[in-house]
Every structure is written in structure tokens, then in C-alpha cells.
Amino acid sequence: MLILGIESSCDETGVALVRCDIASTATPMLLAHALHSQVAMHEAYGGVVPELASRDHIRRVLPLTTQVLREAQLALADIDMVAFTQGPGLAGALLVGAGVACSLAAALNKPVVGIHHLEGHLLSPFLSADPPEFPFLALLVSGGHTQLMQVNEVASYELLGETIDDAAGEAFDKSAKMLGLGYPGGPALANLAEQGDASAFRLPRPLLHSGTLDFSFAGLKTAVRTQVLKLGDDPSPQSKADLAAATQQAIVDVLVRKTLAALRSTRLKHVVVAGGVGANRELRRLLNMECGQRQIKVHYPELALCTDNGAMIALAGAMRAQRGVATPLAHHAFSVLPRWPLADFDSAAA
Ligand code: KG4
Ligand code: ZN
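What counts and how
Residues numbered from 1 in each chain as written. Chains lettered and ligands numbered in written order. Predicted model: local features only at pLDDT ≥ 70, side-chain atom pairs only at ≥ 80, totals over all residues. Heavy atoms only, no water. Core = buried A, V, L, I, M, F, W, Y, C linked by side-chain atoms within 4.5 Å. Buried < 20%, exposed > 50% of the residue type's maximum accessible area, 1.4 Å probe, protein only. Helix = DSSP H or I, 4+ residues; strand = E, 2+ residues; numbered from the N terminus. Contact = heavy atoms within 4.5 Å. Pairing = 2+ DSSP bridges. Axes fitted to C-alpha atoms, helices over the stretch in contact; angles between N-to-C directions. Near = heavy atom within 4 Å. Polar contact = N/O pair within 3.5 Å; in protein donor to acceptor, adjacent residues only side chain to side chain. Areas by Shrake-Rupley, 256 points an atom, 1.4 Å probe, with all protein chains shown as cover. Nonpolar A, V, L, I, M, F, W, Y, C, P; charged D, E, K, R; others polar. Domains from an automatic or database assignment. Donors = N, O, S within 2.8 Å, 3.2 Å for Na, K, Ca; no water. Parallel < 35°, antiparallel > 145°, perpendicular 65-115°, else oblique. Left-handed = near helix turned anticlockwise from the far one by under 90°. Disulfide = S-S within 2.5 Å. Buried area = accessible area lost by both parts, 1.4 Å probe. Salt bridge = Lys/Arg side-chain N within 4 Å of Asp/Glu carboxyl O.

### A closer look at the nonpolar core
The biggest cluster of nonpolar side chains holds 46 residues, and the ones touching the most others in it are F217 and L255. Sorting the residues of this core by element identifies β6 (136-141), α5 (168-178), α6 (185-193), α7 (218-231), α8 (237-266), β9 (270-274) and α9 (281-292) as the ones contributing at least two each. Considering each element in turn, this core owes the most residues, 14 residues, to α8. Residues within four places of F217 in sequence aside, it is in contact with T146, T163, D165, D166, A167, A168, A171, I251, V254 and L255. Grouped together as the second largest cluster of nonpolar side chains are 34 residues, L118, F136, V154 and L305 included.

Next up, the structure:
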């Protein structure tokens, strides 16, 4: 079965082709994927401008579709199913992917399925050389979400904890902005942190000892702002690097400690780290070290598939189809769900 996947929930247009054996649950194969990042376009505004994002998705999605078909040496008529990100995300941006996916599927007379963006992220390590085994713990850390999830199987997700305010990626991005770094702030702050000394500043680790698996990053953001104000208008490059390192350490410490607590309470032996912040080197270093000492295996998506992409959406469609839980949209009538809890996935899609 050949699945075309389309992702357009935020500032990346991603299109991919995945092939799977529908008679088994063998891991699907990625045939081609193409991505256009709008980062350069939004940079001037210091963040994503939703209307510009939607318009750019319109420009990119069909050329990217042509590109993946050409790379895989396939034609539109070879596609058996179309999968697209139905939510959560920016409404206008989602509508572009939904419109293209549903009309293409209608024209081809093939099923179209709406995929939850976070399901795409948490299944993405199945496309890596070292795929996880069910059940596993998933740490989802993106610009919009921070969640710990028990993944029993495809379409069986239990939320164990989540952020009560800012997401981890948001904490990176907002702190980077306060430090005068570029957009997106996460990678910029992480790079600067490599030259800094994290012990030069004492920053809070919110909710670390709360006894729950929930996160909070708003207080950390305030603490970073206080330190930035103290540094004054012309901080030395070293003090900026030190503050970047301390901020990164605070975020990473909380993520790792809460993940270990979730592993203890669930007794799971595999953990998947997904979402843009999963690309962070310090997070990987600390988590690998702590899990290594506990005989727990950590799985990451390929670096190129950590941030938003179409491959994870095609993959989620394929894995659902293999298990008989890909629910096609009736009459190819599209809808998007800009706010969509993952736990509601199946009831919402039906
Ligand atoms: O998953 P993603 O591409 O998009 C969303 O669904 O949000 O995640 C983007 C987030 C941004 O907040 C970005 O700053 C952060 O991931 N990010 C990083 C790194 N690379 C991306 N944060 C820390 N370190 C990185 N290396
Ligand atoms: Zn994402």
C-alpha cells in the first residue's frame, strides 16, 4: 500500500511517500520525503505569522508532491491512501493541507485520513535504524506541546503528564528572544549554551518535586527575564552564553527527571523522544546517560525527522492502516481541528 502524507500545521510544508505491507505490521518504508521550511520568511517577524504561513503552504505543497513522486519514480495513480495533519495547529495552515489531501484523494477515488500531529511525532522513531517496541513511554517536546505519554500500541495513548503553561520549545524560544538570539530560538540558544557555564546562574526547576508528571516553564521564563534585566543593556558575550547554558540546563533537567519518574511508575523499558526539542544535544546526552544506567533504551527519530515533516504523517497513516484503525473521512469532506487533544483522536476522527 502506498501512502502520501502531507504536513502543514505550522511553518513547515512536508510531503512524503511511505509504502507498507497491509497484511502485516512490518515497519513501513519511507520512499521519499520533501520539506520546505518557512523559517527564513518568518524570521523578520520573530515568530510565525499565520497568514503568511498559509499562503506559503499553498505555494509549496503541489511542487513538493511532484518532487516526491519523481524521486520515488511513481505517479499520482499509484497512491492508495492520502494522510494529512488534521490538527492541532494553525487553522489556516491546516486547511491548506486538508484541502489538497481531500481533493487529491477524491480525484483519485482513494481514502483520505486525518492524522494527529503528535501521533506523527511519537511514531516517527519507527523510521529510524533502531525502532522502538510497544509499549513505550513517549516524551513529546515541541514548540506547542510538552507531554509524557504511555504508548501501548498505535491508537492507544495514555496521557501521564503535560505542561500546565508554556511548552519546553516555547521556553527555549522565549528565553532565546530575551537574550537577543535569532528565530527559531531553540537551536540558537542550544548553540550559544555550548560556550557557557551552566553553573554561573541559579535558575528554578519548576514542579520538579511536585509528585506529578506535569511540567511548568512559565516561572523559569520569568527568572530568565530577571537575569537578563540584571545583565543590563550591554551584557558580555560570556555572561550571555552562561545564561543560555543555565537556561538549557534547567529545561533539560526537568525533562529528564520527569521522564525518569514516569519510567519508574510505568516500569516501561523503552522511551521515545519526539518533537523539535528532541534534537537538543544536551537533552540527548543526559537522558542517554541516565537511562543507560537503568538498562532503559532511548529511541530518537532521525535528526531530519525530529522537527515537523510529512514522513511522520504518512507513517502514522500507514501504521493505522496496517492495524485497521485508519478511519477515512466520509465523502472526502475535510475539516481541521486546530485544538485537538491526542486522547480524543479516535472519537474526533470517527
Ligand atoms: O516539533 P517542532 O518542529 O514544531 C512544533 O510542532 O512545535 O518543534 C519546534 C520547536 C521550537 O520551539 C524549536 O525552538 C525547538 O523545537 N527546537 C529546539 C532545538 N531544535 C528545535 N530546542 C532546543 N534545542 C534544539 N536543538
Ligand atoms: Zn511538531
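Still to come is the rest of the account.
### Overview of the sheet that holds strand β7 (residues 146-153)
Across the sheet, which stays open at both edges, the five strands sit in the order β8-β7-β6-β9-β10 with mixed pairing between neighbours. On the outer flanks of this sheet lie β8 (156-162) and β10 (297-299), each paired with one strand and no other. For this sheet, the mean inter-axis angle between neighbouring strands, taken without regard to orientation, is 25°. As paired elements, β6 and β9 share four bridges and run parallel to each other. Directly across from L140, in β9, lies its bridge partner A274.

### Here we look at the site of ligand 1
Inspection of the region around ligand 1 gives 18 residues, with G143, D173, G186, G276 and N280 positioned closest. Measuring from an oxygen atom of ligand 1, one finds a backbone N or O atom of G186 at 3.1 Å. In isolation ligand 1 exposes 560 Å². Once the protein is present, 86% of that is buried. Contributing elements (two or more residues each) for the shell around ligand 1: α4 (117-123), α5 and α6. In terms of residue class, the shell around ligand 1 is built from five nonpolar, 11 polar and two charged. Here the shell around ligand 1 spans two domains, since at least three of its residues come from each of domain 1 (2-123 + 305-349) and domain 2 (134-300).

### Some details on the coordination of the zinc ion (ligand 2)
Tetrahedral metal sites with four donors have an ideal angle of 109.5 degrees; octahedral sites with six donors have ideal angles of 90 or 180 degrees. Looking at the metal site, the zinc ion (ligand 2) is ligated by H117 (NE2), H121 (NE2) and D308 (OD), spaced 2.0 to 2.1 Å from it. Donor residues binding the zinc ion (ligand 2) come from one chain and are separated in sequence as H-x3-H-x186-D. Of the two residues, H121 is situated in helix α4 and D308 in the loop between β10 and α10 (311-322); the sequence distance between them amounts to 187 residues.

### Focus on the environment of A105
Among the secondary structure elements, A105 is positioned in helix α3 (residues 91-108). Filtering out sequence-adjacent residues up to four positions away, A105 remains in contact with V82, K110, P111, V112 and H332.

### A closer look at the packing of α5 against α6
For the pair α5 and α6, the least separation of the axes is 7 Å and the interaxial angle reads 70°. Between α5 and α6, the crossing angle belongs to the class labelled roughly perpendicular. In terms of crossing hand, the pair formed by α5 and α6 is left-handed. Contacts between α5 and α6 involve F172, D173, S175 and A176 from the first element and G185, G186 and L189 from the second. Residues that form the contact of α5 with α6 fall into these classes: three nonpolar, three polar and one charged.

### Topic: the state of the cysteines
If you walk through the whole model with that rule in mind, you get zero disulfides. No disulfide involves C102; its sulfur sits 19 Å from the nearest other cysteine sulfur, which is in C20.

### Section: unusual backbone geometry
Each neighbour pair has its own omega, and for F134 with P135 the value is -10°, a cis peptide bond. Tracing the sequence through the fold places P135 in the loop between α4 and β6. Cis geometry marks the peptide bond from Y183 to P184, where omega comes out at -5°. Its place among the elements puts P184 in the loop between α5 and α6. In this structure, Q73 takes a positive phi of about 55° despite not being glycine. Positive phi is not limited to glycine here, since H331 has a value of about 55°.

### Notes on the environment of L52
When you line up the elements, L52 lands in helix α2 (residues 50-71). For L52, a relative accessible area of 27% corresponds to the partly exposed category. Considering only alpha carbons, one finds L52 and T27, 25 residues apart in sequence, at a separation of 36 Å. Those residues in contact with L52 that lie beyond four places of it in its chain are M41, H42 and Y45.

### Some thoughts on the pairing of β6
Burial analysis of β6 places six of its six residues in the buried class, which makes it a mostly covered element. The side-chain alternation of β6 yields two buried faces, one formed by F136, A138 and L140 and the other by L137, L139 and V141. Of the pairings in the sheet, the one linking β6 to β7 comprises six bridges and is antiparallel in character. Residue A138 lies in a different strand from β7, and its bridge partner there is M149. Counting the residues between successive antiparallel strands, the hairpin from β6 to β7 contains four residues.

### As for the domain arrangement of the chain
Examined at the domain level, the chain breaks down into domain 1 (2-123 + 305-349) and domain 2 (134-300). Its C-alpha centre places domain 1 at a distance of 27 Å from the equivalent point of domain 2. Each partner contributes to the interface: domain 1 provides 21 residues, whereas domain 2 provides 22 residues. Considering only the side of domain 1, the residues that lose the most area to domain 2 are L118, L122 and C306, jointly responsible for 34% of the buried surface there. Scanning the region where domain 1 abuts domain 2 turns up one salt bridge.

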